[in-house]
Amino acid sequence: MFEKERGDIETRLKEYLAGQNVPFEEDFKWSSIPFAGEWGIATSFFQAAASAARADQKVNVPQRAQELAEGAAKALGMPEGFGRVEAVRGYLNLYFVASRYSQRVVDGVLAEGADFGRGERLNRRIMVEFSQPNTHKALHVGHLRNMMLGAALANILEFAGWDVVRANYIGDFGKDVLKWVWNYRKHHNGEQPPEDVTRWMGDLYAEANANLENDPAGEKEIEALFHRWEAGDEEVVGQWRTTRQWSLDGFNQAYDLMGIRFDRFYYESDFEKSGKEYVEELIRRGIARDERPAGPVIVKIDELLGSETEEYRVLVVLRSDNTALYATWDLVLAQRKFKDYPDLDVSLYVVDVRQSQHFKQVFKTLELAGFEPIKKATHLPYEIVNLPGNITMSSREGTIVLLEDFIREAVSRARQVSEESNPELDEKTRAEVAWAVGLGAIKYPLIARDHTKIATFDWESALDFNGQAAPYIQYAHVRANSILRKLDGDLPPGAPPAHDLDLKEVALIESLAAFPQAVQRGAGEFRTLQITNHAFELAKAFNEFYNACPVLNAEADVRAFRLRLVAAARQVIANALGLLGIQAPPVM
RNA sequence: GCCCUCGUAGCUCAAUGGACAGAGCGAUGGCCUUCUAAGCCAAAGGUUGCAGGUUCGAUUCCUGCCGAGGGCGCCA
């Protein structure tokens, strides 16, 4: 929030360095001042000292850095709005007059409201592809990590200033799907799904795998279904379409529940035909090698690159029996995205880490084929969710925690805690609270760790709502709201604080002011972690303030300032939770 | 055999190359007659896997080793 102040000081620091004959071209890096418990900005002179050292050999860098910091402090004097300037161990620390800037932060937050933290529009477009559920299977906790990562990332990017396209790529075709249809025709023909559709779809998928193992004719029959589907056989296509829709309805229900929406849906089945045509083109152009019928159609990427290494290896783009596979579709989908959105600057794939090589291969193949825009494609690999004992969640093995079971348990747990801690609530409100808290609790931990870290799911910690968890943040929001509810009438007008600010007030204000940077950093690094961490730190700062600083009972001036501070804190907590797709309930 | 991640407190995780490596959980001791205790406070807990290198400065970058996981011609 203090770009202008920083900019002015930076200009003067550069003038000072130039006057000292110290070559320094880079920008200064600013951070907050550690240990001080006070509010300010800091920068170091090590880089400048190092470049001075390179110019004339004999300089001791730390010593020179301290000299430069001291000199800079002297040259700077006392800039407007700062109360103290010090040079410590090569650092220049500039302490704000907190009373002066605290009003600016609070007023700024309240004026911008839900837009506080929003970046300027970049006029750059990014597509975030995420979720990618497979029809005829059940959604489980592993899918939830992807959904949350993609959804939160899309929110953060949009808030940071990007034009965002939220894309979903539905796996509605392929061998697994036809396997399901095969089993359905054999053992459940004509059956309608029960109320619990997605669970039933998942159960039948596991059943299909089991039945296939005991059925020697199965593979051939499924292959026959493949060809009937391709030929447009009405019976097979009809059954496929009906059963597929059951899954899609279930997915949409889940998306509604989780508060996730998409701008664009792609379906694997749509790329069956164009994918095969593209493979033929690759064969004609000598990029793909056709080994049918003895082998598949392959792209020997390293060979085409003239490379001796095995970095890219071999991509199979069509099976020997002429059926398409994931790579077939992905080659055309990647191009289709740029056809649909010609102004796309980034095409981001949120897909788990096990497919890293696959995307490397697909992107490189398209590059070899001369499709230039593919250079804007990026795979964002995230680690999967395992069960304790490092057991991978697998629909086939049945080692999964169903999304709906997880949601039900979390909401029920949230209701139970709510009943214990706030018995006054009416039934309708209690139900809303239980949903808001239960859903928040399951979402937060999946995006609060770096996406390169494997997440382990266990019921006990998943249902622990204390400490660094969504309910803690929601609770801070509730407490802020609770104070403001007791205020009859409007907030008092903005005014500089007349009292000496409590350390907890300063820390809270500093955290509010830092939110926009957290948004920019999260967007720049494609990391939801920046926002989950900041939301937690903000809530922590508020809880500590709440504990140390009375608001409603404070004397008039103090009360007026703190009421506005509480309102600002409530706003920023809500903004942060909003980016994460987590509700900020008014009561708990 | 090749490629990619990860390794930080007992556990789960943070830390734009920068000052004294921080949180949560668990364990210990306190705080509800003040705005909701899903909270707060206090003390405890570390050779950042190991060894080198680059740098004024390395948890962060590079190399090697050790350990864990993942991927590698017809799964997605």
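Fair warning: this is a prediction, and the values are worked out from it, not measured in the lab.

**Remarks on the overall build of chain A**
Thinking step 1. Counting its regular elements, chain A contains 20 helices and 15 strands.
Thinking step 2. Projected onto its principal axes, the C-alpha positions of chain A cover 85 × 70 × 40 Å.
Thinking step 3. Here chain A, with 588 residues, has 53% of them falling under the buried criterion.
Thinking step 4. Taking all contacts inside chain A whose residues are at least 6 apart in sequence as the whole, residues at least 24 apart take part in 74%.
Thinking step 5. Counting only carbon and sulfur atoms, one obtains 48% of the accessible surface of chain A, whose full area is about 26700 Å².

**Here's the deal with the packing of helix H4 (residues 98–112) against helix H20 (residues 556–580)**
What describes two packed helices is the angle between their axes and the distance between those same axes.
Thinking step 1. Relative to each other, H4 and H20 sit at 50°, their axes nearing to 9 Å. Relative to H20, H4 is oriented oblique. For the element pair H4 and H20, the recorded crossing hand is left-handed. Along its contact with H4, which presents Ser 102, Val 106, Asp 107, Val 109 and Leu 110, the element H20 presents Phe 561, Arg 564, Leu 565, Ala 567, Ala 568, Gln 571 and Val 572.
Thinking step 2. Its residues assigned to classes, the contact of H4 with H20 comprises 8 nonpolar, 2 polar and 2 charged.

**Remarks on helix H12 (residues 326–340)**
Thinking step 1. Taking 1.5 Å per residue as the helical rise, H12 with its 15 residues ought to reach 21 Å, and the 20 Å between its terminal C-alpha atoms agrees with that figure.
Thinking step 2. Where burial is concerned, most of H12 is hidden: 11 out of the 15 residues are buried.
Thinking step 3. Those residues of H12 lying buried are Ala 327, Thr 328, Trp 329, Asp 330, Leu 331, Val 332, Leu 333, Ala 334, Gln 335, Lys 337 and Phe 338.

**Examining the packing of aromatic side chains**
Thinking step 1. All told, the structure shown has 36 aromatic pairs when counted by the stated rule.
Thinking step 2. Pairing Phe 265 with Tyr 267 gives two aromatic rings, centres 6.4 Å apart and planes at 15°, and the pair type is stacked.
Thinking step 3. Centroid distance Phe 542 to Tyr 546: 6.1 Å. Interplanar angle 45°. Geometry classified as tilted. Of this pair, Phe 542 and Tyr 546 both sit in helix H19 (residues 529–548), 4 residues apart, which is roughly one turn of that helix.
Thinking step 4. Taking the relative accessible area as the measure of exposure, Phe 542 reaches 0% and is therefore buried.
Thinking step 5. Accessibility expressed as a relative area gives 34% for Tyr 546, which makes it partly exposed.
Thinking step 6. Linked through ring pairs, Phe 2, Trp 39, Phe 82, Phe 96 and Tyr 101 together constitute an aromatic cluster.

**Looking at the sheet that holds strand E4 (residues 91–96)**
Strand pairing within a sheet occurs via backbone hydrogen bonds; the two strands may be parallel or antiparallel.
Thinking step 1. Pairing is antiparallel across the open sheet formed by 4 strands, whose spatial order is E1-E2-E4-E3. Each edge of the open sheet carries a strand with a single partner, namely strand E1 (31–32) and strand E3 (82–88).
Thinking step 2. Sheet topology note: the strand E2 (residues 40–44)/E4 ladder contains 5 bridges and is antiparallel. Considered in E4, the bridge of Ile 41 is made with Leu 94.

**A closer look at the sheet that holds strand E6 (residues 163–170)**
Thinking step 1. As summarised here, the arrangement of the 5 strands in space is E7-E6-E5-E11-E12, forming an open sheet in which the pairing is parallel. One side of each edge strand has no neighbouring strand; the edge strands of this open sheet are strand E7 (264–267) and strand E12 (377–382). The sheet shows a mean angle of 25° between the axes of neighbouring strands, taken without regard to direction.
Thinking step 2. Bridging between E6 and E7 involves 4 bridges; their strand directions are parallel. If you follow Ile 170 over to E7, its bridge partner there is Tyr 267.

**A few points about helix H13 (residues 356–368)**
Thinking step 1. The end-to-end C-alpha separation of H13 is 18 Å, in line with the 18 Å expected for 13 residues at 1.5 Å each.
Thinking step 2. In the segment just after H13, Gly 370 is the residue with positive phi, at about 85°.

**Side note on unusual backbone geometry**
Thinking step 1. Across the junction of Arg 292 and Pro 293, the peptide omega takes the value -5°, indicating a cis bond.
Thinking step 2. Positionally, Pro 293 belongs in the loop between strand E8 (289–290) and strand E9 (297–300).
Thinking step 3. A positive phi angle, near 55°, is found at Asn 123, a position not held by glycine.
Thinking step 4. Here the phi dihedral of Asn 322 falls at roughly 75°; this positive angle occurs in a residue that is not glycine.
Thinking step 5. Structurally, the position occupied by Asn 322 is in the loop between strand E10 (314–318) and H12.
Thinking step 6. For Asn 322, a relative accessible area of 36% corresponds to the partly exposed category.

**So, the nonpolar core**
Across soluble globular proteins, nonpolar side chains show a tendency to be buried alongside one another.
Thinking step 1. Of all hydrophobic cores here, the largest spans 127 residues; its most connected members are Trp 39 and Phe 45.
Thinking step 2. Core analysis: the second largest hydrophobic core is formed by 52 residues, Ala 167, Val 236, Val 297 and Ile 301 among them.

**Observations concerning the protein's contact with RNA strand B**
Thinking step 1. Inspection of the region around RNA strand B gives 72 residues, with Lys 453, Tyr 475, Ser 482, Arg 521 and Asn 547 positioned closest.
Thinking step 2. For RNA strand B, the fraction of protein-proximal atoms (within 4 Å) that sit in sugar or phosphate groups is 63%.
Thinking step 3. Contact between RNA strand B and Arg 479: a sugar or linking oxygen at 2.5 Å from a side-chain N or O atom of the residue.
Thinking step 4. Interatomic distance of 3.1 Å between a side-chain N/O atom of Arg 527 and a phosphate oxygen of RNA strand B.
Thinking step 5. Examining the composition of the surface near RNA strand B, we find that 8 residues originate from one element, H19, more than from any other.
Thinking step 6. Its residues assigned to classes, the surface near RNA strand B comprises 34 nonpolar, 21 polar and 17 charged.

**A short note on the side chain of Arg 145**
Thinking step 1. Following the sequence through the fold, Arg 145 ends up in helix H5 (residues 141–160).
Thinking step 2. The side chain of Arg 145 is buried and forms no salt bridge, while Glu 383, the nearest opposite charge, is found at 6.1 Å.
Thinking step 3. At 2.7 Å, the side chain of Arg 145 forms a polar contact with the backbone oxygen of Glu 383.
Thinking step 4. Excluding anything up to four places from it in sequence, Arg 145 contacts Tyr 382, Glu 383, Ile 384, Val 385, Leu 446, Arg 449, Asp 450, His 451, Lys 453, Ile 454 and Ala 455.

**Examining the side chain of Asp 330**
Thinking step 1. With respect to the helices and strands, the residue Asp 330 is situated in helix H12.
Thinking step 2. Despite its burial, Asp 330 pairs with no opposite charge, the nearest such side chain being Lys 337 at 6.2 Å.
Thinking step 3. Not counting the four nearest positions on each side in its chain, Asp 330 is found in contact with Tyr 169, Tyr 349, His 358, Phe 359 and Val 362.

**Overview of the domain arrangement of chain A**
Thinking step 1. According to the domain assignment, chain A contains domain 1 (3–96), domain 2 (130–268 + 322–392) and domain 3 (409–580).
Thinking step 2. Just the C-alpha atoms count here: the centres of domain 1 and domain 2 sit 53 Å apart.

**Considerations on the environment of Asp 557**
Thinking step 1. Within the secondary structure, Asp 557 is located in helix H20.
Thinking step 2. A C-alpha to C-alpha distance of 9.0 Å links Asp 557 and Ala 495, two positions 62 residues apart in sequence.

So, how was this worked out
Residues numbered from 1 in each chain as written. Chains lettered and ligands numbered in written order. Predicted model: local features only at pLDDT ≥ 70, side-chain atom pairs only at ≥ 80, totals over all residues. Heavy atoms only, no water. Helix = DSSP H or I, 4+ residues; strand = E, 2+ residues; numbered from the N terminus. Buried < 20%, exposed > 50% of the residue type's maximum accessible area, 1.4 Å probe, protein only. Contact = heavy atoms within 4.5 Å. Areas by Shrake-Rupley, 256 points an atom, 1.4 Å probe, with all protein chains shown as cover. Axes fitted to C-alpha atoms, helices over the stretch in contact; angles between N-to-C directions. Parallel < 35°, antiparallel > 145°, perpendicular 65-115°, else oblique. Left-handed = near helix turned anticlockwise from the far one by under 90°. Nonpolar A, V, L, I, M, F, W, Y, C, P; charged D, E, K, R; others polar. Expected span 1.5 Å × (residues − 1). Phe/Tyr/Trp six-rings, centres within 6.5 Å; stacked < 30°, edge-to-face > 60°. Pairing = 2+ DSSP bridges. Core = buried A, V, L, I, M, F, W, Y, C linked by side-chain atoms within 4.5 Å. Near = heavy atom within 4 Å. Polar contact = N/O pair within 3.5 Å; in protein donor to acceptor, adjacent residues only side chain to side chain. Lys, Arg positive; Asp, Glu negative; His and termini not counted. Salt bridge = Lys/Arg side-chain N within 4 Å of Asp/Glu carboxyl O. Domains from an automatic or database assignment.

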